[in-house]
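# Close look at the chain arrangement
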Amino acid sequence: QVQLVESGGGLAQPGGSLKLSCATSGFTFSHYIMNWYRQPPGKERELVANISSGGTISNYEDSVKGRFSISRDNVRNMLYLQMNNLKFEDTAVYYCNAWGLIDPSTKQGYWGQGTQVTVSS
């Protein structure tokens, strides 16, 4: 079955860095655009970045441009998010997601458990 397992979150100071990982299985990873979303406390989930299936094209939400970098390893079926110069407002639970991959039983996309990123001094 499809699994998305995020890791790498934690506590960081403003200006610090973290690298998130998403281990995937159960689907043909290399066929899908992959997304990183985040959900800040008390807010809706929002798209942070995505990357094309081949890894050549990436897009970023304006607030993270120049600070975050999305990448993927289509051999290891892994997705990454390098987060630099972290800001307080980056505090959120981060999730990976495969664009258009739908659970037929729920008619919803697949989500992992997420990984908590907390930026605090």
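Look above for the structure.
What you see is a predicted model; the values in this text were computed from it and never measured.

## Let's talk about the packing of aromatic side chains
Taken as a whole and assessed by the stated rule, the structure comprises four aromatic pairs. In this arrangement the basic side chain of Arg45 is found over the ring face of Tyr95, its NZ or CZ atom lying 4.1 Å from the centre. Between Arg45 and the ring centre of Trp111, over which it is positioned, the NZ or CZ distance is 4.0 Å.

## Digging into the sheet that holds strand β7 (residues 68-73)
Within a sheet, adjacent strands bond to each other through the backbone by hydrogen bonds, running parallel or antiparallel. Strand order in the open sheet formed by four strands is β1-β3-β8-β7, and the pairing between neighbours is antiparallel. With one partner strand each, in any of the chains shown, β1 (3-7) and β7 form the two edges of the open sheet. Across the sheet, the mean angle from the axis of one strand to that of its neighbour is 15 degrees, orientation sign disregarded. Relative to strand β3 (residues 18-25), β1 is paired through five bridges, and the arrangement is antiparallel. Of the residues in β3, the one forming a bridge with Glu6 is Cys22.

Reading the values: the criteria
Residues numbered from 1 in each chain as written. Predicted model: local features only at pLDDT ≥ 70, side-chain atom pairs only at ≥ 80, totals over all residues. Heavy atoms only, no water. Phe/Tyr/Trp six-rings, centres within 6.5 Å; stacked < 30°, edge-to-face > 60°. Lys NZ or Arg CZ within 6 Å of the ring centre and 35° of its normal. Pairing = 2+ DSSP bridges. Helix = DSSP H or I, 4+ residues; strand = E, 2+ residues; numbered from the N terminus. Axes fitted to C-alpha atoms, helices over the stretch in contact; angles between N-to-C directions.

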